Structure formats: structure tokens, C-alpha cells
Amino acid sequence: MVKINSSEITPEHVYLSRRRFMTGAAKLLAGTALFAACGRRGPSVEAPEPGEPGATPTEVRTDELGNMLTPYRSVAGFNNYYEFTLEQDRVAEVAMGFVTSPWTVEVGGLVDKPKTFDLDDLQQFDVEERIYRMRCVEAWSMVIPWMGFPLWRLLREVEPTSQARYVRFETVLDELQMPGLREPFPWPYVEGLRLDEALHDLTLLVTGVYGRRLPPQNGAPIRLAVPWKYGLKSLKSIVRIDLVADRPKTFWETAGPREYGFWANVNPEVPHPRWSQATERVIGENRRKETLFFNGYADAVADLYDDLSSEHWYR
Ligand SMILES: Nc1nc2c(c(=O)[nH]1)N[C@H]1C(S)=C(S)[C@@H](COP(=O)(O)O)O[C@H]1N2
Ligand SMILES: [Mo]
């Protein structure tokens, strides 16, 4: 169980913009669920999960496919964040107290207006809630109510040049605070997207979860969420974003080239070299479910990949 302290209480602007933007994803929810999300309880109070004292059926929230949200205690209690530790149930404990202020995100490379955003600058981007499925390449999954804004809004500010074809992202390297950096991995954690993937409206920069500020173990203060790709693409605690001409070499391509590729689109038909990707363990529930093509976002993203017949676009 993760203890929430007062510093993690949602700042007012997040709460306000959350209310203002309870349109998109929230519109898909039943009216009762919408009431539960916006009404009575402020977002600074941890909502009881289904089955817990205080929970009633009106508080059950789902994604647009009817999957129940993963309980907050699992979202914030079972993590992959190798910079802290490889033990998934200990990341929260090791990352506790991670200082993420001051923080800057440097955005540059092939852009006309490079800019370094501090936490205040990032508040110009209105935050909305997006309920996304997250499918880890290790065949487990969650359904998470992120708070954030589409990456294209930030990229528009820096004006990518016509040479920009990919976006390269980098996680912070903080040896003092991150004991996992002593492990022999190709740090820093680097990820990449093709420019059209990065500009897709589903690609989210995340600053909160369950209506609160993002806890360290989930990638505070700002991380990516690319819901149709395996979770490893959604890097945490971002400090650099560069527009580049060539496909960047990612952390996992370097660490395990025989097992991981650049695209990492969720595909139940293509097994990982060591396990099947046909089904996934539902974290917080005692069952598995079938993995969906593009993690259930095929309608929105499949046409991005028409011309990739020669690529292993699923890896
Ligand atoms: N910097 C960094 N980002 C990372 C990781 C990591 O180890 N380091 N793990 C990735 C993997 S494999 C997954 S599945 C998701 C997990 O996100 P969560 O812990 O918020 O659920 O984060 C991704 N982002
Ligand atoms: Mo993952």
C-alpha cells in the first residue's frame, strides 16, 4: 500500500483543468461514472477501489472497452523503472522522496524555436484525463487514468523543421537519487518515435494519474504514454526531447537487440522470443485476457503503418 502525503495532493490548476476537460475520454463513460469522477469527492482523496469499504457500483470506472480501471495501489505499487530497481514491487519504496523540482525539459534538435521548459512553463498546456490501457511487453497490463496533454501541443511550440523525421526522448540521469544506475545497462534510457507517431493525438505527455501529481515510481514529473505500443516506449522522467533526422537507437534495442526493436507495436500474433504475446495478466484482477492488435487502438493508429511491409514494425 502506498501512502499518500500532502505534497502529492493535486495542485489546483490540475483540478480546474481536469474539470474543464472532462470531455474526451470521460464522455465515453456512463453518466454515473462521470458523476463519481467529478463530483462529491475531490481528487486529493484516494477513491476507494471496487470492493473496498465506501465503494459503490457507481464508482466503478472503465475504459471505452469496459475494462475496469487498475486500482491506484497497483498502478503506483507495481512498476518498471530500472533506474531505481529491477524489483517491480519495490520501485515505489526506492523512488520515494525522489526530488523532481527544479526540473527542466530541453526541447531542441531540428526545430526553429528550441526551448527549455521548466515546470511552470509546462503549466501552459491544459491537462485532461485520458484512460489508457498499458500493455507491458512482459505480458501484463493495466488500465490507467492519466492526466496529461498531447505531445503535439508541445512540439508545435518549438516548430520542427522539414528535416525532422523522428523524435528522440531521454530520461534523467541522476546517480545520487537513482541506485539502479549502478547496474550495467546502456544509460540513459532513450526512446524514440517517428514524427507522425509523436504527433498522433493519442501520444500523451503525462503529468498526473488518478487526478493527482505523478508519483516518482510512475515517472514524475513528466513521462510519455503511447498506448498502442508496449509500455517500454513510454519513458519516464523526461529531461530531453530532440527532433532528429535518423531513427534513434533506443535503450532496449541496445540492451537486448535480439528481443526488442524500435516499433514495439502491441501484436498478439508475434511472440516475444521467450514468451507468447497472445494473452496478458490483468494486474489487480486474478485473470488473464486476450491481447488486442495495437492494444485495442487499431482503428486510430493502424493506418500509420501502411508502408512498413519491409519493417518488423511489431518489434
Ligand atoms: N526511464 C524509464 N522509463 C520506463 C521504464 C524504465 O525502466 N525506465 N520502464 C518502461 C516499462 S518496461 C514499462 S512497462 C512502463 C511502466 O510504467 P508504470 O510503472 O508507470 O506502469 O514504463 C516504461 N518506462
Ligand atoms: Mo514493460
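For clarity, every value in this text was computed on a predicted model and none was experimentally measured.

Colleague: Got a minute to help me understand the overall build of the protein in this structure?
Modeller: Looking only at helices and strands, one finds 10 helices and 12 strands in the protein. The buried share among the 315 residues of the protein stands at 54%. Relative to all contacts within the protein whose residues are 6 or more apart in sequence, the contacts with residues 24 or more apart total 70%.

Colleague: Help me understand the nonpolar core in this model?
Modeller: Soluble globular proteins tend to pack their nonpolar side chains together in the buried interior. The biggest cluster of nonpolar side chains holds 79 residues, and the ones touching the most others in it are Leu154 and Ile241. Of the residues forming this core, the biggest block, six residues, is contributed by strand β4 (residues 140-150). Ignoring anything within four residues of it in the chain, the contact list for Ile241 reads Val105, Glu106, Val107, Gly108, Leu151, Leu154, Leu155, Val167, Arg168 and Phe169.

Colleague: Hey, could you run me through the pairing of strand β11 (residues 279-282) in this one?
Modeller: Look at any regular strand and the pattern is simple: side chains alternate between the two faces of the sheet. As paired elements, β4 and β11 share two bridges and run parallel to each other. Within β11, the residue paired with Trp140 across the bridge is Arg281. Bridge analysis of β11 against strand β12 (residues 287-290) gives four bridges, and the strand direction is antiparallel. Bridging from a neighbouring strand, Val282 pairs with Arg287 of β12. Linking β11 to β12, which pair antiparallel, is a turn of four residues; within it Gly284 sits at a positive phi near 90 degrees.

Colleague: How should I be thinking about the site of ligand 1 in this particular structure?
Modeller: Around ligand 1, 16 residues are found, and the nearest of them are Asn79, Tyr82, Glu83, Asn218 and Lys236. A distance of 2.8 Å separates a nitrogen atom of ligand 1 from a polar side-chain atom of Glu83. Between a nitrogen atom of ligand 1 and a main-chain N or O atom of Ser234, the distance comes to 2.9 Å. Out of a free accessible area of 530 Å², ligand 1 has 98% covered by protein chains. Across the shell around ligand 1, the residue classes break down as seven nonpolar, six polar and three charged.

Colleague: Please explain the side chain of Asp242 as it appears in this structure.
Modeller: Along the chain, the position of Asp242 falls in strand β10 (residues 238-244). Taking the relative accessible area as the measure of exposure, Asp242 reaches 11% and is therefore buried. Engagement of the side chain of Asp242 in a polar contact is seen with the backbone nitrogen of Gly109, the distance being 3.4 Å. The residues touching Asp242, leaving out its near neighbours within four places in the chain, are Gly108, Gly109, Tyr166, Val167 and Arg168.

Colleague: What is the right way to look at the sheet that holds strand β2 (residues 115-118) in this model?
Modeller: Hydrogen bonding along the main chain pairs the strands of a sheet, whether they run parallel or antiparallel. The sheet built from five strands is open, its strands ordered β2-β1-β10-β5-β6 with mixed pairing. Two strands lie at the open edges of the sheet, namely β2 and β6 (190-194), each paired on one side alone. For this sheet, the mean inter-axis angle between neighbouring strands, taken without regard to orientation, is 15 degrees. Of the pairings in the sheet, the one linking strand β1 (residues 104-109) to β2 comprises four bridges and is antiparallel in character. Bridging across to β2, Val107 finds its partner in Lys115.

Colleague: I keep staring at the side chain of Lys289 and nothing clicks. Help me out?
Modeller: Mapped onto the fold, Lys289 is located in strand β12. Buried charge without a partner: Lys289 forms no salt bridge, and the closest opposite charge is Glu280, 4.1 Å away. A polar atom in the side chain of Lys289 sits 3.2 Å from the side chain of Asn67. What Lys289 contacts, discounting residues up to four positions off in sequence, is Asn67, Ser141, Thr279, Glu280 and Val282.

Colleague: What exactly am I supposed to notice about the pattern of salt bridges here?
Modeller: Oppositely charged side chains can form a pair if their charged atoms are brought close together. In this structure the tally under the stated criterion is 17 salt bridges. Across the salt bridge formed by Asp201 and Arg130, the nearest N and O atoms sit 3.3 Å from each other. With Asp201 in the loop between α8 (195-199) and β7 (204-209) and Arg130 in strand β3 (residues 128-136), this residue pair connects regions lying 71 residues apart in the sequence. On the accessibility criterion, Arg130 (8% relative accessible area) is buried. For Glu170, the salt bridge identified is with Arg168, shortest N-O distance 2.7 Å. Arg168 gets classed as partly exposed once you look at its relative accessible area, which sits at 24%. Here the salt bridges do not stand alone but share partners, grouping Asp63, Glu64 and Arg133 into one network.

The rules behind the values
- Residues numbered from 1 in each chain as written.
- Chains lettered and ligands numbered in written order.
- Predicted model: local features only at pLDDT ≥ 70, side-chain atom pairs only at ≥ 80, totals over all residues.
- Heavy atoms only, no water.
- Helix = DSSP H or I, 4+ residues; strand = E, 2+ residues; numbered from the N terminus.
- Buried < 20%, exposed > 50% of the residue type's maximum accessible area, 1.4 Å probe, protein only.
- Contact = heavy atoms within 4.5 Å.
- Core = buried A, V, L, I, M, F, W, Y, C linked by side-chain atoms within 4.5 Å.
- Pairing = 2+ DSSP bridges.
- Near = heavy atom within 4 Å.
- Polar contact = N/O pair within 3.5 Å; in protein donor to acceptor, adjacent residues only side chain to side chain.
- Areas by Shrake-Rupley, 256 points an atom, 1.4 Å probe, with all protein chains shown as cover.
- Nonpolar A, V, L, I, M, F, W, Y, C, P; charged D, E, K, R; others polar.
- Axes fitted to C-alpha atoms, helices over the stretch in contact; angles between N-to-C directions.
- Lys, Arg positive; Asp, Glu negative; His and termini not counted.
- Salt bridge = Lys/Arg side-chain N within 4 Å of Asp/Glu carboxyl O.

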